[in-house]
Every structure is written in C-alpha cells, then in structure tokens.
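A structural walkthrough
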Amino acid sequence: MTIEEIIKSTVTMDDAKKVVLNVMYTQNIIADKFNEVLKPHDLSGEQYNVLRILRGQKGCPANMCIIQERMIAKSSNTTRLIDKLLLKDFVTREVCPENRRKIEVLITPKGLNLLNELDPKVIQYEKLFASNLSESELHQLNTLLEKYRNLK
C-alpha cells in the first residue's frame, strides 16, 4: 500500500515529501510493535534503551552524560528515565566519590535478567520487520537511511 493510500491523500506529492511521510509512518509502526514487546514488562522504549546502554558498560558505571549521548531519542529526559528504573530496581544510582556532582548509574542483576528475557523477543521483533527484505536490500536500506539522515 502506498503512503498516499494509507493517509488517503488526493493531492500529488513529490518524492521528498513521500519519503518523509513514509519514514515517519514506518517509525510509528515500528515503535507500536516494539511497545507491544515491552508492555508486559512495564517498560518503555526509552527505558529499554537505557538498560541496553548500561548492559553495554559491562559492569562499569555510566554517568548521565554518557547515557544521554548514547540514547536513540536524544530528547529523552534521562533523569526521569533513571528515576523510573530505580523504582523498579533495574538500576542503582550513586554519587561519584571523586566528583560529587557526577551521578553514576549501574544496571542491577534484576535489570540484566529482564534484558536476557527480552533478548529473544526483541530478535524475533527485528526479524519480523526484516522478513520482507533480502540481505542485500537490508544493507541497501541501512546505507540509504544513514545517507538520508546525514545532512550536510
């Protein structure tokens, strides 16, 4: 189904507009399906992203700046996300002993267990969206999306 059919547009659109609408519409579908994976665990996509970042630290703490710069959604309120993860016992937050203005965040064993439980479900979700494309098409799509967003 074309983007014009989806949004029931009767006006002619140039390709630049169609691409923007297609990317935005597709992102919403991807996010909705991903939220279905996370919902049973009372986790948002942004919270999941924080947990993945912290797991990638391999036991070393991350400060708020490190977490923020690695977030997919740069506009996320990192402090609020950490607060919610603290309430669920998925992370710990400590004041850095060397620099009291710096907050260090670590993933807990409970947070790691949750990610381990979610990993196969997330892989299945990713494969679902990749199932319509060949390996070369997936590579081409990644190349085109990277090129598209790297404006000069």
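The rules behind each value
- Residues numbered from 1 in each chain as written.
- Predicted model: local features only at pLDDT ≥ 70, side-chain atom pairs only at ≥ 80, totals over all residues.
- Heavy atoms only, no water.
- 1 Å grid on protein atoms, 1.4 Å probe; cavity = no way out; pocket = protein on both sides within 12 Å on 5 of 7 lines; lining within 4 Å.
- Points joined across faces, edges and corners; volume = space filled by probe spheres on them.
- Helix = DSSP H or I, 4+ residues; strand = E, 2+ residues; numbered from the N terminus.
- Nonpolar A, V, L, I, M, F, W, Y, C, P; charged D, E, K, R; others polar.
- Pairing = 2+ DSSP bridges.
- Contact = heavy atoms within 4.5 Å.
- Axes fitted to C-alpha atoms, helices over the stretch in contact; angles between N-to-C directions.
- Phe/Tyr/Trp six-rings, centres within 6.5 Å; stacked < 30°, edge-to-face > 60°.
- Buried < 20%, exposed > 50% of the residue type's maximum accessible area, 1.4 Å probe, protein only.

Another point: the layout of surface pockets. Its boundaries defined by the atoms lining it, the largest pocket holds a volume of some 1,800 Å³. Forming the walls of the largest pocket are 39 residues, and the residues nearest its centre are Thr-26, Gln-27, Ile-30, Ala-31 and Tyr-125. Of all the elements in the fold, those that place two or more residues in the lining of the largest pocket are helix H1 (3–7), helix H2 (15–38), helix H3 (45–55), helix H6 (109–130) and helix H7 (135–149). Here the lining of the largest pocket takes 11 residues from H2, the largest share from any one element. Grouping the constituent residues of the lining of the largest pocket by class yields 24 nonpolar, 9 polar and 6 charged.

Across the sheet, 3 strands lie side by side as S1-S3-S2; this open sheet has antiparallel pairing. Looking at which strands have only one partner, the edges of the open sheet turn out to be strand S1 (62–63) and strand S2 (91–95). For S2 and strand S3 (residues 103–107), the ladder comprises 5 bridges, and the chain directions are antiparallel. By the bridge assignment for S3, Arg-93 is matched with Val-105. Across the face of the sheet, H3 comes into contact with S1, S2 and S3 while running at roughly 90° to S3. Helix H5 (residues 78–87) rests against S2 and S3 of the sheet, and its axis sits at about 120° to S2.

Summed over all chains, the structure comprises 3 aromatic pairs. Ring centres 4.9 Å apart and planes at 45° place the aromatic pair Phe-34 and Tyr-125 in the tilted group. With Phe-34 in helix H2 and Tyr-125 in helix H6, this pair connects stretches of sequence that are 91 residues apart. Assessed through its relative accessible area of 12%, Tyr-125 is described here as buried.

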